[in-house]
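# Coordinates in review
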Amino acid sequence: MRRAIYPGSFDPITNGHIDIIQRAASLFDELTIAVVQNKSKSPLLTLEERTSLVTAATEKIPNIRVIGYEGLLADLAQEQEIYTIIRGLRVLTDFDFEFQMALTNRRLCQKVDTVFLMTSEENSYLSSSAVREIASYNGDISSFVPTVVQKALAQKIKKIGG
Ligand code: COA
């Protein structure tokens with residue numbers, strides 16, 4: 001059984017992430033989406049909120065598992081015995097960070113390999129932070145995220161008074 005992990009902070013999940021998920025799910029028998037805490041970021045949505053939105057946004061894809069995880073990705077790979085990590089590459093500037101992360105993860109766990117998928121052209125400029133910013137000004141994010149995410153983000157922003 002070919003298995004892979006697609007990790008990310010998904011704050012929130014966007015159509016760009018979903019594109020990578022759909023393509024990775026067709027390449028592997030089982031894809032585990034790991035909603036992970038990135039300590040260098042202060043997320044708008046809690047880990048639970050992000051995990052449940054990823055679950056809702058990917059419910060139609062059969063070979064997907066969604067988990068929330070706080071800890072090192074290399075430890076998760078070992079715990080789950082899944083040694084292939086999927087990452088999406090958008091623009092050239094993603095490469096430096098991704099290259100560093102792939103090598104660091106391999107250093108932490110020798111068995112880990114990272115597979116990169118090129119983001120589709122129409123999503124190459126998309127980012128979760130842009131989606132959050134547009135939503136915070138009540139802008140239209142309907143072409144960037146699924147409806148369930150659009151609604152949840154609007155509610156969250158209203159709740160925190162953003
Ligand atoms: N379409 C749209 N946007 C995309 C995208 C795609 N295909 N691929 C990436 N992005 C965007 C995201 O929207 C996000 O945008 P933002 O920075 O504006 O919020 C950005 O690219 C990166 O997000 P993401 O892919 O979710 O990763 P991340 O950089 O937030 O987190 C982890 C990376 C979670 C994998 C990493 O922090 C991690 O492994 N953490 C666990 C701790 C650990 O092991 N640390 C050591 C790592 S070497």
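The structure reproduced in this document is the subject of the present report. Residue indices follow the written sequence of each chain, beginning from 1 at its first position. At least 70 in pLDDT is required for a residue's local features to be given in this predicted model, at least 80 for side-chain atom pairs to be given and counted, and no such filter applies to totals for whole chains, interfaces and linings, which use all residues. Hydrogens and water molecules were not included; the side-chain quantities draw on all heavy atoms of the structure.

### Some details on helix 2 (residues 47–57)
- Inspection of helix 2 places Leu47, Arg50, Thr51, Leu53, Val54 and Ala57 among the buried residues, and these make up the whole buried set. Burial along helix 2 is one-sided: seen end-on, the buried residues are contained in an arc of 165 degrees. Accessible area is worked out with a 1.4 Å probe on protein chains only. A residue is then buried under 20% of its type maximum, exposed over 50%, and partly exposed in between. Helix numbers and strand numbers start at the N terminus; a helix is a DSSP run of H or I with at least 4 residues, a strand a run of E with at least 2. The directions considered for the arc run from the helix axis to the C-beta atoms.

### A closer look at the packing of aromatic side chains
- Think of it this way: a Phe, Tyr or Trp ring, Trp meaning its six-membered ring, pairs with another when their centres are within 6.5 Å, and the plane angle makes it stacked under 30 degrees, edge-to-face over 60, tilted otherwise. If you walk through the whole model with that rule in mind, you get three aromatic pairs.
- When the ring of Tyr6 is compared with that of Phe10, the centres are 5.5 Å apart and the planes differ by 75 degrees; the resulting orientation is edge-to-face.
- You can call Tyr6 buried: its relative accessible area is 4%.
- We classify Phe10 as buried; its relative accessible area is 2%.
- Ring geometry for Phe95 against Phe99: centres 5.3 Å apart, planes inclined by 25 degrees, an arrangement best described as stacked. Pair noted here: Phe95 and Phe99 are both in helix 4 (residues 92–108), with a separation of four residues, about one helical turn.

### A short note on the site of the ligand
- Here a residue counts as near a molecule or strand whenever at least one of its heavy atoms sits within 4 Å of it. The ligand sits among 27 residues. The nearest are Ser9, Lys41, Leu73, Ser128 and Ser129.
- Nitrogen and oxygen atoms within 3.5 Å of one another constitute a polar contact, given that in protein one can donate a hydrogen and the other can accept it, and given that sequence-neighbouring residues count only through two side-chain atoms. Between an oxygen atom of the ligand and a side-chain N or O atom of Asn38, the distance comes to 3.3 Å.
- Contact distances for the ligand include 3.0 Å between an oxygen atom and a side-chain N or O atom of Arg90.
- Taking 940 Å² as the accessible area of the ligand by itself, protein coverage stands at 86%.
- For the shell around the ligand, the secondary structure elements donating two or more residues are strand 1 (3–8), helix 1 (15–27), helix 4 and helix 5 (128–136).
- In terms of residue count, helix 4 provides more of the shell around the ligand than any other element does, four residues in total.
- Considering only residue class, the shell around the ligand consists of nine nonpolar, 14 polar and four charged. Calculation of accessible area relied on Shrake-Rupley with a 1.4 Å probe; when residues are assessed, cover is drawn exclusively from the protein chains displayed. By the convention adopted, Pro, Cys, Tyr, Trp, Phe, Met, Ile, Leu, Val and Ala count as nonpolar, Lys, Arg, Asp and Glu as charged, and the other residues, Gly among them, as polar.

### Some remarks on the nonpolar core
- What is meant by a nonpolar core is a set of buried Ala, Val, Leu, Ile, Met, Phe, Trp, Tyr and Cys residues, joined one to another through side-chain atoms within 4.5 Å. In terms of nonpolar packing, the biggest core is built from 31 residues, with Ile13, Ile21, Leu31 and Ile86 touching the most fellow members.
- Mapped onto this core, the elements with two or more residues apiece are strand 1, helix 1, strand 2 (30–36), helix 2, helix 5 and helix 6 (147–159).
- Contacts are assigned to residue pairs with any non-hydrogen atoms lying within 4.5 Å of each other. When sequence neighbours within four positions are dropped, the list of residues in contact with Ile13 reads Ile18, Ile21, Leu53, Val54, Ala57, Thr58, Val145, Pro146 and Val149.
- Ala34, Val36, Leu76 and Ile85 belong to the second-largest nonpolar core, a separate cluster that totals 13 residues.

### Some words on the pattern of salt bridges
- Here, a salt bridge means any side-chain nitrogen of Lys or Arg that lies within 4 Å of a carboxyl oxygen of Asp or Glu. Counted by the stated rule, this structure contains nine salt bridges.
- Asp19 serves as the salt-bridge partner of Arg23, at 2.9 Å between the closest nitrogen and oxygen. With a gap of four residues between them, Arg23 and Asp19 both fall in helix 1, about one helical turn apart.
- On the basis of relative accessible area, Asp19 is assigned to the buried category, the value being 12%.
- A salt bridge links Asp94 to Arg90, with the nearest nitrogen and oxygen atoms 3.0 Å apart.
- Judged by relative accessible area, which is 32%, Arg90 ranks as partly exposed.
- One continuous salt-bridge network, built from bridges that share partners, spans Arg3, Glu30 and Arg65.

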